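# Architecture and fold: a report
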Amino acid sequence: MLRTAFATTLKATRAQPSLRTLASRRFMSSEAVTFSFADGTFEGYNIDTPESAVTLSKTDAVALYREMQTVRRLEMAADSSYKHKLIRGFCHLCTGQEAVPVGVEGALTAEDAVITAYRCHGFTYMRGASPVGILAELMGRGGGVSKGKGGSMHMYAPNFYGGNGIVGAQVPLGAGIAMAQKYNGQKACTVALYGDGAANQGQVFEAYNMAKLWDLPVIFVCENNKYGMGTAAGRAAANTDYYTRGQYIPGVRVNGMDVLAVRQTIAYARDHAIAGKGPMVVEMKTYRYGGHSMSDPGTTYRTREEVQHMRSTSDPITGYKQRLLENGVVSEADLKAIDKDAKKLVDDALAAAKAMPEPAAHELWDDVYVKGAGVPSLRGRVPEETHYY
């Protein structure tokens with residue numbers, strides 16, 4: 001329903017040159033490079049773990065860095081805009097968790113589907129939306145990916161089903177998307193992501209049951225950032241080994257601060273799913289630097305020292321940058337150029353988003369029902385506000 005409504009907007013917001021294009025002109029190499037994973041990167045439950053090394057082209061290796069840097073810049077722009085009151089309402093940032101959306105997308109095809117909760121800006125970008133479309137949406141501008149009517153929690157892109165504001169509700173929806181893929185004979189899978197705070201929801205386990213009963217091609221991904229809002233995982237869950245909680249579904253736990261490990265795990269789970277072997281539960285151990293949302297300072301339930309320790313020892317971008325340099329994939333100068341390109345792309349997108357107008361008043365009534373559905377009217381708060389199509 002919504003895909004048709006915002007298809008035109010998506011097309012318009014992609015008109016600017018992308019960082020992918022700029023960086024590909026700057027750095028291209030088909031030469032392969034192999035990265036090894038440290039012991040303990042993967043843990044398996046009723047299944048073997050992924051291979052302990054991965055080989056990819058230098059171009060693809062650099063692309064992962066480029067995309068993480070762009071997602072980080074996007075979230076920094078959103079943070080600043082919120083503090084300047086250009087963004088209102090809910091706003092959940094993924095700063096510190098960039099390896100998850102980038103690594104997940106790195107293992108998928110355009111035919112695969114992704115659905116997640118409300119920390120969705122990185123996934124929206126990785127699924128093909130432009131930075132200007134995302135920032136415009138955050139500001140409630142008409143050029144946003146959802147025409148300025150969805151905001152932070154309701155963004156969409158091709159085969160990206162949001163951005164969902166109800167805790168855990170996206171998990172059964174993800175199972176349903178996978179059911180459609182299997183029914184239609186597609187060689188594709190769905191990645192359904194949720195946080196450790198949502199992992200105790202009953203609907204999650206109902207989705208597990210149906211997915212295994214029908215061996216649906218769905219990967220259930222728990223982004224375990226250690227805190228569900230302001231509650232430490234161990235205070236809310238009797239079993240914090242989330243990758244084991246599918247019982248009859250195999251699981252893998254992975255270091256979610258390692259973009260290559262995330263990519264390797266999703267590729268492994270995808271092969272499992274599209275081979276007809278059914279679902280898998282993946283736990284990604286990650287960490288958010290900010291609070292649960294912009295209204296949460298994030299320091300009342302954890303110490304500043306804890307946050308700083310994670311930044312200094314486990315940052316996904318810094319750690320990956322070091323691996324690229326150690327393996328001779330790219331030079332320090334090239335990485336600085338990519339950083340500069342990412343900053344310019346997002347700065348330009350922010351300026352363009354600020355210049356966009358808010359949606360016209362009549363847009364309030366659009367996209368509620370599919371055009372041509374024959375619905376005669378839409379009720380307002382009182383009878384006088386009833387809108388007739």
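Above this text sits the structure in question.
Attention here is on the structure that accompanies the text. (Residues numbered from 1 in each chain as written. Predicted model: local features only at pLDDT ≥ 70, side-chain atom pairs only at ≥ 80, totals over all residues. Heavy atoms only, no water.)

## A short note on the sheet that holds strand S9 (residues 251-255)
The condition that has to hold: Strand pairing is assigned whenever DSSP detects at least two bridges linking the two strands. For the purposes of this entry, the term helix denotes a DSSP run of H or I that reaches at least four residues, the term strand denotes a run of E that reaches at least two, and both are numbered from the N terminus. All axes are obtained by fitting lines to C-alpha atoms, using only the stretch in contact for helices, and the reported angles, taken between N-to-C directions, cover 0 to 180 degrees. Residue contacts are counted whenever heavy atoms from the two residues lie within 4.5 Å of one another.
Strand order in this open sheet of 6 strands is S2-S9-S10-S6-S5-S4, and the pairing throughout is mixed. Where the open sheet ends on each side, the last strands, each with one partner, are strand S2 (42-45) and strand S4 (113-115). Averaged over all pairs of adjacent strands, the angle between strand axes in this sheet comes to 20°, irrespective of strand direction. Pairing geometry for strand S5 (residues 190-195) and strand S6 (residues 218-224), over 6 bridges, is parallel. Within the sheet, the bridge partner assigned to Val191 lies in S6 and is Ile219. Lying on the sheet, helix H7 (residues 170-183) is in contact with S4, S5 and S6; it crosses S5 at an angle near 175°.

## Re the pattern of salt bridges
Threshold: The working definition used for a salt bridge is a side-chain nitrogen of Lys or Arg within 4 Å of a carboxyl oxygen of Asp or Glu. To sort residues, take the accessible area from a 1.4 Å probe on protein chains only and compare it with the maximum for the residue type: under 20% means buried, over 50% means exposed, and anything in between is partly exposed.
Going through the model one piece at a time under the given rule, you end up with 18 salt bridges. Put simply, Arg253 and Glu43 hold a salt bridge, and the shortest N to O gap is 3.1 Å. Pair noted here: Arg253 is in strand S9 and Glu43 is in strand S2, with a separation of 210 residues, a long-range link. With a relative accessible area of 32%, Glu43 lands in the partly exposed category. Lys149 is paired through a salt bridge with Asp367; the nearest N and O atoms lie 3.0 Å apart. Of this pair, Lys149 sits in the loop between helix H6 (131-138) and H7 while Asp367 sits in the loop between helix H13 (332-355) and strand S11 (377-378); the two residues are 218 residues apart in sequence, bridging distant segments of the chain. Residue class for Lys149 comes out partly exposed when judged on its relative accessible area of 35%. Three or more residues joined by partner-sharing salt bridges are found here, namely Glu43, Asp241, Arg253 and Glu283.

## Comments concerning the pairing of strand S10 (residues 280-285)
Judged by how many residues are buried, S10 sits mostly within the fold: 5 of 6 residues are covered. As judged from the 6 bridges shared by S6 and S10, these two strands associate in the parallel manner. Note that in S10 the partner of Ile219 across the bridge is Met280.

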